[in-house]
Amino acid sequence: MQINLSPRRAKTVSVGAFCLSLFFFIFTLVFGAYTQVLAMYLLSWQVLAGLLVWTVLIVQFYQRTLAEQEKLDMSQLSRSDQQGTIFSGGSDRLALMAVAQKRLKFMEKWIVPIAAILIAIYQIIIGLVLFKYKVLGLMDWNSKNPLLGAVLMVAISFVAFLYSRYATGMSAQTEWKPLRAGGGYMMATAVFGFALAVSLALAQFKHPQGLTVLNYLIPGLLVVLGVEILLNAVLDIYRPRIAGQYGRAAYDSRILGLINEPGGILHTVAHTIDYQFGFKVSQTWFYRLLEKAVLPLILFAALTLYLMSSFVVVGPGQAAVVEYYGSPVRDLKPGLHPKWPWPIEKVYVYQTDLIQQITIGYKEGEQDKQKKAFLWGEKHYEEEYNLLVAVQTETSRDKGAVPVSVVQANVPIQYRIRDLRQFMYRHKEARLLLEAICYRELTRFAVSAKVETDDRDGAGQGGEQKSLLGAGRMEASHQLHQCIQEAADKAELGVEIVLLGLQGVHPPPEVAREYEEVVASVQQKQATVLSAQADKNRILTELGGSVADADALYDLAMQFERSKTLGDEQKTQQLRQDLQAALAAVQGKVFSALRLAESDAFERANLAKGEGLRFAGQVQGYRASPEIYKKLQRLLMLEDALENARKYVVVAEPEDAQVFIVDLQEKLATSLYDLDLGLEEPAK
């Protein structure tokens, strides 16, 4: 009689699934790397997880086959004992012979949970590694020949689906329950393979969104399944075990069971409802109708949701562009609009009236939003970038070398979308390009600008105000605004610069003190210049009554001098008259000096005239009596010379022999001893 050993068939199915999974793994790994389909390459590592599960199932069913064969042998020995053959023995001897069964119990108690933990660790590690080094852009893959990959993935998905349903159907038997775990992983391969085939077909028509979603979904699912297996392994430690009842392995995923056995969810819900209401709700006609109609209802809901994509709502302040198979066909204004369902027509809605902002020159952190005061010596934001600014001095102009300074600028720029089609289709990343243009124009402008606080020295070169630290900041902001707008229009970005705030131009905190010293020197220089101008205005006002009158008088005097130099007598005479008239009408110290000069001239002229008349009279007196005139002049001279001298008159006859002694020595002041202080008593 032929005996049917049930584990042998399950082992055969596991071996077949192992071979298929091995083929799927090698194919998706090699073909995905060759065609640079990242999602297919990632799927190969999920297939490898299922391959590990099938490996455990092969070993488990192989051991069950040995245990079943051992049970059959022991049953034969048991009958021999009852018949009294020479091979008869007791129950102890039979227990010693149950080696395969003990090995099976040990394996299902220890080996299977440990294998589940190892599979979980593999899924978590490989999922994180794939997400970090593949999905996050370190390997930028572009799909090659996506249609061929789609056809091959449809074939793989179809085979995987059939084998999954066959293995899952066998798992309905208690002896073959472990096949459900492998069937779940095989179903995951089928579902992801079909999704990959559809995504590759869409990628052929320039719609790679499906591949992008799968690139994130497959590593994420690996990590989630690994975490689930670890949780199942921990819960299995505390779960009570009943003899003869199937113990679900930790790698038998409940998540994959949702897609592998969707009917099991309904049964679970039915039992939960029966328990909550206390009677067989699942036996009512409504529930039975709902159970039969659940699939049509789901399909109807899915169809309704799909048909809802035939309408689009554009809100106030928004604009939209409709694409027909990737080509823009029309623009939409705010309101409700019909369209062909996805993916025939797609709609891209943008906030055209929304003022958006980009920050140039710095990156703002969360803690920076609380700052109110900005000082040069402190760090303002999380990151601030340096700019080179030209510093022109007299030395640099002579030598031809222009020294530079380093400053930091915090420039928030606000913009809005003006032309939606240009913003969407002229460039792949319009916002990033606008940010790059802003940085370029700011750097270019800073190189040609200055950091002096007084920009009036540039008035002679067109009056350009390019000081980034001084009074020219408003003009610099206006010019930079124009430069960025012109560059954006030239690049056809379709944006309008609404506001450019050149608000935080300051030196780096490390050199703020040196900048402050330079600014203080410049301010002192300006104060000196202004003081000199004030003195000039005061002096000119005091001289001429007003600065304008003094300047006009000076210009007229210079013209008069130039005319005399050129020898133009007629013009010189005219300018002399004009100058005299101007001098007569002038006010201030010039008027006083002129009046004083006229008075002095009048006095000197009259004195000279009097001296001339006196001299003429002296000449007449000399001519009348020369001797008398000489003696008179001599006496006048002696009178003038001896006016302050002490004179002694000695009268003597010529023949008088008397000797006169005259003490011509100056007498000193009276001695203190000779003074009468009134101290002596009068005589009685």
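It should be emphasised that the depicted structure is a prediction, and the values quoted were computed from it without experimental measurement.

**Q** Could you give an account of the pairing of strand β1 (residues 311–314), with specific residues and numbers?
**A** What you see with β1 is a clean split: Val 312 and Val 314 sit on the buried side and Phe 311 and Val 313 on the side with no burial. Pairing of β1 with strand β4 (residues 335–338) involves 4 bridges; the strand directions are antiparallel. Along β4, the bridge assignment pairs Val 314 with Gly 335.

**Q** Can you explain the packing of aromatic side chains? Please cite residues and give values.
**A** For the structure on display, the rule yields 9 aromatic pairs. The interplanar angle of 70 degrees and the centroid separation of 5.8 Å between the aromatic rings of Phe 25 and Trp 45 together place this pair among those described as edge-to-face. With Phe 25 in helix α1 (residues 6–35) and Trp 45 in helix α2 (residues 38–83), the pair connects residues that are 20 residues apart, well separated along the chain. Residue Phe 25 shares its accessibility class with Trp 45, and that shared class is buried. Note on Tyr 350 and Phe 423: the rings are 6.1 Å apart at their centroids and 80 degrees apart in plane angle, and the pair reads as edge-to-face. Taken together, the residues span a long stretch of sequence, with Tyr 350 in strand β5 (residues 345–351) and Phe 423 in helix α12 (residues 420–426) at a distance of 73 residues. Classification of Tyr 350 by relative accessible area gives partly exposed; the value is 28%. An aromatic cluster is present here, built from Phe 23, Phe 24, Phe 27 and Phe 31 joined pairwise through their rings.

**Q** For the nonpolar core, give the residues involved together with the corresponding values.
**A** Of all hydrophobic cores here, the largest spans 64 residues; its most connected members are Trp 45, Leu 196, Ile 229 and Tyr 251. For this core, the secondary structure elements donating two or more residues are α1, α2, α4 (99–135), α5 (146–170), α6 (179–204) and α7 (209–238). Of all the elements, α2 adds the most residues to this core, at 16 residues. Counting residues in each nonpolar core, the second largest holds 29 residues, with Ile 358, Ala 430, Cys 438 and Leu 480 among its members.

**Q** A description of the packing of α1 against α6 should follow, citing residues and the corresponding values.
**A** One way to put it is that α1 packs onto α6 with a least axis distance of 11 Å and a crossing angle of 25 degrees. Looking at the two axes, α1 sits roughly parallel to α6. Our pair here, α1 against α6, has a crossing hand that is left-handed. Judged by residue contacts, Ala 10, Ser 14, Ala 17, Ser 21 and Phe 24 of α1 engage Leu 179, Met 186 and Thr 189 from α6.

**Q** Describe α6, listing the residues and the values that go with them.
**A** An ideal rise of 1.5 Å per residue puts 38 Å on 26 residues; α6 measures up with 37 Å between its terminal C-alpha atoms. Most of α6 sits out of view: 19 of its 26 residues are buried. Lys 206 sits one or two residues past α6 and shows a positive phi near 65 degrees.

**Q** Describe in detail the environment of Met 187, supporting the description with residues and values.
**A** Among the secondary structure elements, Met 187 is positioned in helix α6. For Met 187, a relative accessible area of 4% translates into the label buried. Spatially, the C-alpha atoms of Met 187 and Leu 162 are 8.9 Å apart, while their sequence positions differ by 25 residues. If sequence neighbours within four positions are ignored, Met 187 has contacts with Phe 161, Ser 164, Arg 165, Ile 259 and Asn 260.

Thresholds applied
- Residues numbered from 1 in each chain as written.
- Predicted model: local features only at pLDDT ≥ 70, side-chain atom pairs only at ≥ 80, totals over all residues.
- Heavy atoms only, no water.
- Buried < 20%, exposed > 50% of the residue type's maximum accessible area, 1.4 Å probe, protein only.
- Helix = DSSP H or I, 4+ residues; strand = E, 2+ residues; numbered from the N terminus.
- Pairing = 2+ DSSP bridges.
- Phe/Tyr/Trp six-rings, centres within 6.5 Å; stacked < 30°, edge-to-face > 60°.
- Core = buried A, V, L, I, M, F, W, Y, C linked by side-chain atoms within 4.5 Å.
- Axes fitted to C-alpha atoms, helices over the stretch in contact; angles between N-to-C directions.
- Parallel < 35°, antiparallel > 145°, perpendicular 65-115°, else oblique.
- Left-handed = near helix turned anticlockwise from the far one by under 90°.
- Contact = heavy atoms within 4.5 Å.
- Expected span 1.5 Å × (residues − 1).

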